[in-house]
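Spelled out from the first residue to the last, the chains are:
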Amino acid sequence: MDIQVRKEKNATIVAVTGKMDAVTAPDYEQQLRRLMDEGEKTFVNDFSGLVYISSAGLRSILATAKALKAVEGRLLFSGVTGPVKDVFEISGFGSLFQLHDSPDTALKSVG
Amino acid sequence: MSGGREIPARGRSLSREGVTAILRNRGIAFKLILLCCASSAFIFLVIFGYTYRFSRDTIEKDTRERAENLARNAVSRIETILNAVENVPEGMASALENCSLTREEMLRMLRASVAENPEVYGAILAFEPHALGRKTRYFAPYFHKHDGAILATDPYAPAHYDWEWYQTPKRLRKAVWSEPYFDTGFGKIIMSTYSVPLYRTAGGVDRFRGVVTADISLEQLSDIVSSIRILHSGFGILISKKGTVVTHPDKSLIMTGTIFDLARKRGDPRLADLGRRMVAGESGFAPFPILAAGKQSWVYYAPIPSSSWSLAVIFPEDELAEDIIALHRVVIVLGCAGLLLLFLAVILIARSITKPLRAMATATEAIADGDLDVELPPATSRDEVGKLTESFRSMKLSLKDHIRQAAEAAAERERINGELAIARDIQMNILPTEFPPAPPRDRYDLRAFIEPAKEVGGDFYDFFPIDEDRLCFVVADVSGKGVPAALFMAVSMTLLKATARQGLQPEEIFARVNDELSRENRVNMFVTVFCGILDTRTGEVVFANAGHNHPLVLRKTGAVSFIKTVNGLALGVMEDAPYRRETLRLEPGESLFLYTDGVTEAMNPADVLFGDDRLREELQTLAGGGPDSIATAIMEQVKEFASGAPQSDDITVMAVRYKGV
């Protein structure tokens, strides 16, 4: 798993590529925790490069979303496709979050 | 043939390896001694070689100069004598040509010249026949020394004119030294004669009248030449202008022949060449080809100008080196003594260095054998060995510490493993194992398997009757694995069972359990659940799906398809999440297949997923079978597919078949 962070005007774009499983999910969680500690509140997860996500990955997303909710932040998603989209739909996580086609549309929705 | 050539090559490389191996296997002391002594010996040899070469060159140069000086000195002494002798007849010739002397006066003058000149052995005044008048045919008076007296011959005795000393100056019309000769007439000695021609000028023409001479005994010259001493056996020789050996330490060679005869006799062209250069009046150094005792020698030769003779000084080469050898014998003894001292010093130093090292080696071998209580030798100094000892001491302590910690960790691990084994037993005991469980068992059949990835897992299944006619069945997957998942699984399973038994619909069960799990869910764990309730009277199944994989239905027609359930959120994620109830009907003989993602996400060594399609196709081939054969076959298929690749997730399968009333 590889994480690229890009700060835009009104949100931080977190591009995750590779596999998000029990081994790599804690990295994702820690990285976003650090960004939150730096004061970032709005995140767009760009999952267009993510090929696999396990339940441990969903758990890290859930933990991050809850932490953001506590500070009135937001967690948006873009590029959720293929097997990752299947997992989102089956687990019901897809209904929890805003899923966008691209980071740009996600940024626009943040306003 | 080629094999024959290879053998020595292999032998060489083996011996080189052998030498390296010997060096490698020896102790530090041996290497130190070898290196110190070898390098010192090398330095000593270089210095020795240089001084030997340098002093040899110097001594050689000195010897050459000495030989040259000796030769020049002898030449000049011989020259002085010869000049003194030459003056005698030249003075008389001058007197005879310029004054008109009577015969008496001539005899007196001749006698005086012998008596008053110690160098002169004898003198003769020989006139041409009738030169002094018609009456006097011969006039050739001769005086010579004999036992301290001056003897005279009869001046009027018939004389011979064929002597060289007479003919040569007459022919050449100038004064000359004769070749040495053995005087058979009076002297009975080897002599050489200086002859000056006499002329009388008449009518503008010089007419030859006779010669006046002086003899020199070669004994005198021999004394001078034999006084040349150089090194031990160096000596001088004198040869005439024709190459005749005039003086030589070996008397048998004197006057018996020329140097050219000698060269011919010995067949040595180099000797002849040397003779030619000497006769030509050259001077110089040359290797002397022959010498008594057959030693390689050197010769310095220089001409005696007045007589055109040549003097040679010969000295053997090896005597040149004698002084150097004596000097260097001392140097070698001193050098060897020095090397021996150095050798002893190095042994002492090496011993003192390696003694603590050897003690260390013994101690560390004991450590290597596992004896960490061995006492290390005391560090007596602050040098490298002392530091090494200190390092070993601390290494020993930290090794002891590490081993203790490792032992404790192993014990701890064993304890945890033991506890995990028990936990696994407990977890397996929670899961129902009686298939099918309860009446009405004749209306349905059910089989489930579970295979945790670790000792304990987060998957679970459950089935239990709600009332006489209805069976509730559940397949669930807790996020994560291991002990945390197992604990969350136990809680979820208990809640689900307790809630389901109240006779609620699946979506109501989910809503309640979800609220319970979501409240104060600090660990953010969740569980995906498929829950179905089969009415055994009708074959109707009501079900809800909380984030779980879509189950499959195996129809009587042989069709196998995923049930596209409307999935709610996994339980434990968020309170008040909505869940929807759905319904489907099973005809007698039709089955449902439930599973967790451990099946579809099982991976083979090439990282290929088992996948939904493969699952559906496998089930299609099993459509006619009972739940037992279906569940068993899928578990085997997954195992076979993974072909040894490590199992990353818990695997659970459940097959339920409705048999009808």
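Residues numbered from 1 in each chain as written. Chains lettered and ligands numbered in written order. Predicted model: local features only at pLDDT ≥ 70, side-chain atom pairs only at ≥ 80, totals over all residues. Heavy atoms only, no water.

(A) Highlighting the pairing of strand β14 (residues 459–465) of chain B. Residues and elements named next belong to chain B. Of all seven residues making up β14, six are buried, and the element is well covered by its neighbours. In terms of strand pairing, β14 meets strand β15 (residues 470–478) through seven bridges, oriented antiparallel. Paired with F463 across the strands is F473, a residue of β15. Here β14 folds back onto β15, and the loop between the two strands holds four residues. (Buried < 20%, exposed > 50% of the residue type's maximum accessible area, 1.4 Å probe, protein only. Helix = DSSP H or I, 4+ residues; strand = E, 2+ residues; numbered from the N terminus. Pairing = 2+ DSSP bridges.)

(B) Spotlight on the sheet that holds strand β4 (residues 74–78) of chain A. Residue and element names in this part refer to chain A. Taking strand neighbours across the sheet as the criterion, the five strands line up as β1-β2-β3-β4-β5 in an open arrangement whose pairing is mixed. Each end of this open sheet is capped by a strand with a single partner; those strands are β1 (2–7) and β5 (98–100). Here the strands of the sheet are splayed against their neighbours by 25° on average, with no regard to which way each runs. As judged from the five bridges shared by strand β3 (residues 42–53) and β4, these two strands associate in the parallel manner. Looking at β4, one finds that N45 is bridged to F77. (Axes fitted to C-alpha atoms, helices over the stretch in contact; angles between N-to-C directions.)

(C) Inspection of helix α7 (residues 269–279) of chain B at higher detail. Residue and element names in this part refer to chain B. The complete set of buried residues in α7 reads L271, A272, L274, G275 and M278. Considered in projection along α7, the buried side chains sweep an arc of 160° and stay on one side of the axis. In α7, the exposed positions angled more than 90 degrees off the buried face are occupied by P269 and R270. Structurally, α7 contributes buried residues whose contacts are with β8 (235–239), α6 (259–266), β10 (284–288), β11 (297–304) and β12 (309–316). Near the N-terminus of α7, the side chain that reaches the backbone nitrogen of R270, with its oxygen 3.0 Å away, is that of D268. Directly after α7, the chain includes G281, whose backbone phi takes a positive value near 85°. (Arc of directions from axis to C-beta. Contact = heavy atoms within 4.5 Å. Polar contact = N/O pair within 3.5 Å; in protein donor to acceptor, adjacent residues only side chain to side chain.)

(D) Region of the structure containing the interface of chain B and chain A. Listed by partner, the interface residues are 23 residues for chain B and 16 residues for chain A. Interface area lost by chain B to chain A is led by N524, F526 and V573 of chain B, which between them contribute 33%. Applying the counting rule to chain B against chain A returns zero salt bridges. Tallied by class, residues from the side of chain B that touches chain A come to nine nonpolar, eleven polar and three charged. (Buried area = accessible area lost by both parts, 1.4 Å probe. Salt bridge = Lys/Arg side-chain N within 4 Å of Asp/Glu carboxyl O. Nonpolar A, V, L, I, M, F, W, Y, C, P; charged D, E, K, R; others polar.)

(E) Examining the packing of aromatic side chains more closely. This model, assessed by the stated rule, comprises 25 aromatic pairs over all chains. On the basis of an interplanar angle of 10° and a centroid distance of 6.2 Å, the ring pair of Y461 of chain B and F463 of chain B is categorised as stacked. Residue classification places Y461 of chain B among the buried residues on the basis of a relative accessible area of 4%. What makes F463 of chain B buried here is its relative accessible area of 3%. Three or more aromatic residues joined by ring pairs make a cluster, and in this case those are F47, F77, F88, F93 and F97 of chain A together with F526 of chain B. The ring of W298 of chain B carries the charged tip of R64 of chain B above its face, separated from the ring centre by 4.5 Å. Above the ring of F464 of chain B, the side-chain terminus of R501 of chain B is found at 5.4 Å from the ring centroid. (Phe/Tyr/Trp six-rings, centres within 6.5 Å; stacked < 30°, edge-to-face > 60°. Lys NZ or Arg CZ within 6 Å of the ring centre and 35° of its normal.)

(F) Seen up close, the environment of A448 of chain B. Examined against the element boundaries, A448 of chain B turns out to sit in strand β13 (residues 444–451). Setting aside anything within four residues of it in sequence, one finds A448 of chain B in contact with F435, Y461, V653 and M654 of chain B.

(G) The packing of α6 of chain B against α7 of chain B, seen in detail. Residues and elements named next belong to chain B. For the pair α6 and α7, interaxial distance at closest approach is 8 Å and the crossing angle is 170°. Relative to α7, α6 is oriented roughly antiparallel. Across the interface between the two elements, I259, F260, L262 and A263 of α6 pack against L271, A272, G275, R276 and V279 of α7. The class makeup of the residues in the contact of α6 with α7 is seven nonpolar, one polar and one charged. (Parallel < 35°, antiparallel > 145°, perpendicular 65-115°, else oblique.)

(H) Broad picture of the pattern of salt bridges. Within this structure, the stated rule accounts for 24 salt bridges over all chains. E8 of chain A is paired through a salt bridge with R6 of chain A; the nearest N and O atoms lie 3.2 Å apart. The shortest N-O distance in the salt bridge between K400 of chain B and D373 of chain B comes to 2.8 Å. In this pair, K400 of chain B is assigned in helix α9 (residues 384–430) and D373 of chain B in the loop between α8 (317–368) and α9, connecting sequence segments 27 residues apart. By relative accessible area, which is 56% here, D373 of chain B ends up exposed. Each of R443, D469, D535 and R537 of chain B takes part in salt bridges that share partners, so that together they form one network.

(I) Geometry of unusual backbone geometry. All names here are of chain B. Phi at M255 takes a positive value of approximately 65°, unusual for a residue other than glycine. Tracing the backbone through its elements, the reader meets M255 in the loop between β9 (245–247) and α6. Residue classification places M255 among the partly exposed positions, given a relative accessible area of 25%. Positive phi, normally seen in glycine, also occurs at D576, with a value near 65°.

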